[in-house]
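# A closer look at the structure
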Amino acid sequence: MTTKTERYNDVAREIAAVIDGEPSRTARMATASCLLSLAFPETYFWTGFYVVDPNKEAELVVGPYQGTLGCLRIPFARGVCGACATQKQTIIVKDVHAFPGHIACDSQTNSEIVVPVFDEVGALFAVLDVDSTALDSFDAQDKAGLESICKTLLHGAPQT
Ligand code: SME
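So, here's what we can say about the structure.

Procedures and definitions
- Residues numbered from 1 in each chain as written.
- Predicted model: local features only at pLDDT ≥ 70, side-chain atom pairs only at ≥ 80, totals over all residues.
- Heavy atoms only, no water.
- Helix = DSSP H or I, 4+ residues; strand = E, 2+ residues; numbered from the N terminus.
- Rg over C-alpha atoms; globule rule 2.2 N^0.38 Å.
- Buried < 20%, exposed > 50% of the residue type's maximum accessible area, 1.4 Å probe, protein only.
- Pairing = 2+ DSSP bridges.
- Axes fitted to C-alpha atoms, helices over the stretch in contact; angles between N-to-C directions.
- Contact = heavy atoms within 4.5 Å.
- Expected span 1.5 Å × (residues − 1).
- Polar contact = N/O pair within 3.5 Å; in protein donor to acceptor, adjacent residues only side chain to side chain.
- Near = heavy atom within 4 Å.
- Areas by Shrake-Rupley, 256 points an atom, 1.4 Å probe, with all protein chains shown as cover.
- 1 Å grid on protein atoms, 1.4 Å probe; cavity = no way out; pocket = protein on both sides within 12 Å on 5 of 7 lines; lining within 4 Å.
- Sits in = over half its atoms within 2 Å of the grid points.
- Nonpolar A, V, L, I, M, F, W, Y, C, P; charged D, E, K, R; others polar.

Helices and strands together make up the secondary structure of the protein chain, namely four helices and six strands. When its helices and strands are written in sequence order, the protein chain yields α-α-β-β-β-α-β-β-β-α. Its C-alpha atoms give the protein chain a radius of gyration of 14 Å, near enough to 15 Å, the size a compact globule of 160 residues would have. Dimensions along the principal axes, computed over C-alpha positions, put the protein chain at roughly 45 × 40 × 25 Å. Looking at the protein chain as a whole, 46% of its 160 residues qualify as buried.

What follows is the structure in structure tokens.
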């Protein structure tokens, strides 16, 4: 049986192959959300990006995603995505109902992982939010797999 780490390695290769040479950040994020969602259908209920809005003070706006309807905007001061954007580090939440300020875009979500996405000069560009309907779905393997994909996602993509 394929381990979770092997599946992350496989999907990382797939994403890299599809986005190779593609300068649009939107196209790169859309590819990652689609292929990640397809790679983990049993866990990934909502998979997508919230992008730092350059026209607003400390606010994320929804980007490419797969899943049910997502909230359009999330201030840095709110929710797991906001906490990730503020702390600039991955956050794993085993039970979203126990997370102060969690934003329930869809009440079916019970656990989540949010990973920061930096541009080539190290500025925060977006966060990748993955939500699951089960409790305690994400662990160190998901963190390592997603951080590795997010690390190079924007490299070679100067446009938005
Ligand atoms: N889970 C997020 C909100 C976004 S969605 O669930 C799509 C949060 O609390 O930051």
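Here the narrative resumes.
Right, let's get into the sheet that holds strand β5 (residues 111–118). Taken in spatial order, the six strands make up an open sheet running β3-β2-β1-β6-β5-β4, and their pairing is antiparallel. At either end of the open sheet lies a strand with only one pairing partner, and these are β3 (73–75) and β4 (91–93). Each adjacent strand pair in this sheet contributes to an overall mean axis angle of 25°, direction not counted. When β5 meets strand β6 (residues 124–132), the two strands line up antiparallel, connected through eight bridges. Residue pairing in the sheet places S111 in a bridge with S132 of β6. Lying over the sheet, helix α3 (residues 79–87) contacts β1 (46–52), β2 (59–66), β3, β4, β5 and β6, oriented at roughly 35° with respect to β5. Together, β4, β5 and β6 form the strand contacts of helix α4 (residues 140–152), whose direction differs from that of β5 by roughly 30°.

Moving on: helix α1 (residues 4–19). Between the first and last C-alpha of α1 there are 22 Å, a value that for 16 residues agrees with the 22 Å anticipated at 1.5 Å per step. Against the buried residues of α1 lie α2 (25–39) and α4.

As a further point, take α2. Spanning 15 residues, α2 covers 21 Å between terminal C-alpha atoms, matching the ideal 21 Å at 1.5 Å per step. By the N-cap criterion, in which a side-chain oxygen at the helix start approaches the backbone nitrogen of a residue two or three places on, α2 is capped by S24, the distance to T26 being 3.2 Å.

Turning our attention to the site of the ligand. By nearness alone, every residue bordering the ligand is listed as W46, Y50, I74, G79, V80, C81, H102, I103, C105, E112, D129 and D131. A distance of 2.9 Å separates an oxygen atom of the ligand from a polar backbone atom of V80. At a separation of 2.7 Å, an oxygen atom of the ligand approaches a polar backbone atom of C81. Its free accessible area being 310 Å², the ligand has 99% of it covered by the protein chains. Most atoms of the ligand, that is more than half of them, are within 2 Å of grid points of the largest cavity. Mapped by element, the contributors of at least two residues to the shell around the ligand are β1, α3 and β6. If one sorts the elements of the shell around the ligand by residue count, α3 sits on top with three residues. Considered class by class, the residues forming the shell around the ligand number seven nonpolar, two polar and three charged.

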